[in-house]
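# Structural characterization, general
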Amino acid sequence: SISITWNGHSCFTVEKDGFSIVFDPYGPNTVPGLAPLSLIADMVLCSHEHGDHGYTDAWHDPEQGALRGPNRIHILESDGLKIAHMGDIGCPLTREQKDLLKHLDAILIPVGGYYTIDAVQAKAVVDDLAPRVVIPMHYRSDHFGYPVIGRLEEFTGLCRNVVEYDSNTLVLTAETRPQTAVLKLK
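Predicted, not measured: the structure shown is a model, and the values here were computed from it. (Residues numbered from 1 in each chain as written. Predicted model: local features only at pLDDT ≥ 70, side-chain atom pairs only at ≥ 80, totals over all residues. Heavy atoms only, no water.)

Within this structure, the stated rule accounts for five aromatic pairs. Geometrically, the ring pair formed by Y114 and Y115 is edge-to-face, given 4.8 Å between the ring centres and 90 degrees between the ring planes. Seen from their ring centres, Y139 and F144 are 6.0 Å apart, and the 50 degrees between their planes marks the pair as tilted. Comparing Y139 with F144, the two get one shared label, buried. Ring pairs connect the aromatic residues W6, Y139 and F144, which therefore count as one cluster. (Phe/Tyr/Trp six-rings, centres within 6.5 Å; stacked < 30°, edge-to-face > 60°. Buried < 20%, exposed > 50% of the residue type's maximum accessible area, 1.4 Å probe, protein only.)

For H85, the position within the fold is in strand β8 (residues 81-85). At 2.8 Å, the side chain of H85 and the backbone oxygen of S10 are in polar contact. Only 3.1 Å separates the side chain of H85 from the backbone nitrogen of G87, close enough to count as a polar contact. Look past the residues within four positions of H85 in its chain and what remains in contact with it is S10, F12, F23, D24, R72, I73, H74, L108 and M137. (Helix = DSSP H or I, 4+ residues; strand = E, 2+ residues; numbered from the N terminus. Polar contact = N/O pair within 3.5 Å; in protein donor to acceptor, adjacent residues only side chain to side chain. Contact = heavy atoms within 4.5 Å.)

Moving on, we come to the nonpolar core. Within soluble globular proteins, side chains that are nonpolar tend to cluster in buried spots. Of all hydrophobic cores here, the largest spans 50 residues; its most connected members are I4, M86, I109 and I135. Considering each element in turn, this core owes the most residues, five residues, to helix α2 (residues 119-129). If we skip the residues at most four places from it in the chain, I109 touches M86, I117, A122, V125, V126, V134, I135, P136 and M137. (Core = buried A, V, L, I, M, F, W, Y, C linked by side-chain atoms within 4.5 Å.)

This next bit is on the pattern of salt bridges. For the coordinates displayed, the defined rule picks out nine salt bridges. Here D17 makes a salt bridge to K16, at a shortest N to O gap of 3.3 Å. We note a salt bridge from D105 to R132, for which the minimum N-O separation is 2.6 Å. A residue pair is termed long-range when its members are at least 10 positions apart, and D105 in the loop between α1 (95-100) and β9 (106-110) and R132 in the loop between α2 and β10 (133-137) qualify at 27 residues. The same class applies to D105 as to R132, namely buried. The network of salt bridges with shared partners includes K16, D17 and D79. (Salt bridge = Lys/Arg side-chain N within 4 Å of Asp/Glu carboxyl O.)

Further remarks concern α2. Along α2, the positions that sit buried rather than exposed are A119, A122, K123, V125, V126 and L129. Along the long axis of α2, the arc covered by the buried residues comes to 160 degrees, so they all point the same way. Residues V120 and D127 are exposed on α2 and point more than 90 degrees away from its buried face. Looking at where α2 begins, the residue whose side-chain oxygen comes 3.2 Å from the main-chain nitrogen of V120 is D118. Looking one or two residues past α2, A130 carries a phi angle of roughly 50 degrees, positive in sign. (Arc of directions from axis to C-beta.)

We now examine the sheet that holds strand β2 (residues 11-16). Taking strand neighbours across the sheet as the criterion, the five strands line up as β4-β3-β2-β1-β12 in an open arrangement whose pairing is mixed. The open sheet has two edge strands, β4 (43-45) and β12 (169-172), and neither has a second partner. Going across the sheet, the axis of each strand differs from the next one's by a mean of 20 degrees, ignoring polarity. Across five bridges, the pairing between strand β1 (residues 2-8) and β2 is antiparallel. The partner of W6 across the bridge, within β2, is F12. (Pairing = 2+ DSSP bridges. Axes fitted to C-alpha atoms, helices over the stretch in contact; angles between N-to-C directions.)

Attention now moves to the state of the cysteines. Applying the stated criterion to the full structure yields zero disulfides. Free cysteine: C46, not disulfide-bonded; nearest cysteine sulfur from C11 at 8.9 Å. Exposure remark for C46: the relative accessible area of 27% places this residue in the partly exposed category. (Disulfide = S-S within 2.5 Å.)

Shown next, in the form of structure tokens:
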């Protein structure tokens, strides 16, 4: 099993067999409403070099980086489970990227728009890739997030099998049922 913990915004901790990776940690006071992070991990991976999240394999905008620069998609695979953290993807996927992202057990995908793909674009990516578990990120609520980005409900309103968790952690196994998993900050 792989433990996936949402720390807020686009930051996740992924743990397997005592090894932990933190994706896209945000800096203090960079995301309105979110407390500063205090995380320890064996590895830190960042999709791009903005304060709220270098080398790249996708763009942060639809103009091949001219607006917001590059974005890295991270794909992890262990014991037959495959997950992808999409970073701040802001452009359509290429055929090569789609091929690399086939057969995902979980996708961590931005849904807020403005700086990233929006809810409708995220849903199109999900429909195209057909991951088993979808975990939305990079959105706003009444308590946190940038005022210019969209709300979670704009995405979940397009989805079926939405499961709201009482915690910020999902344990992914080969038996985890298909779902859009809404993790709740502590």
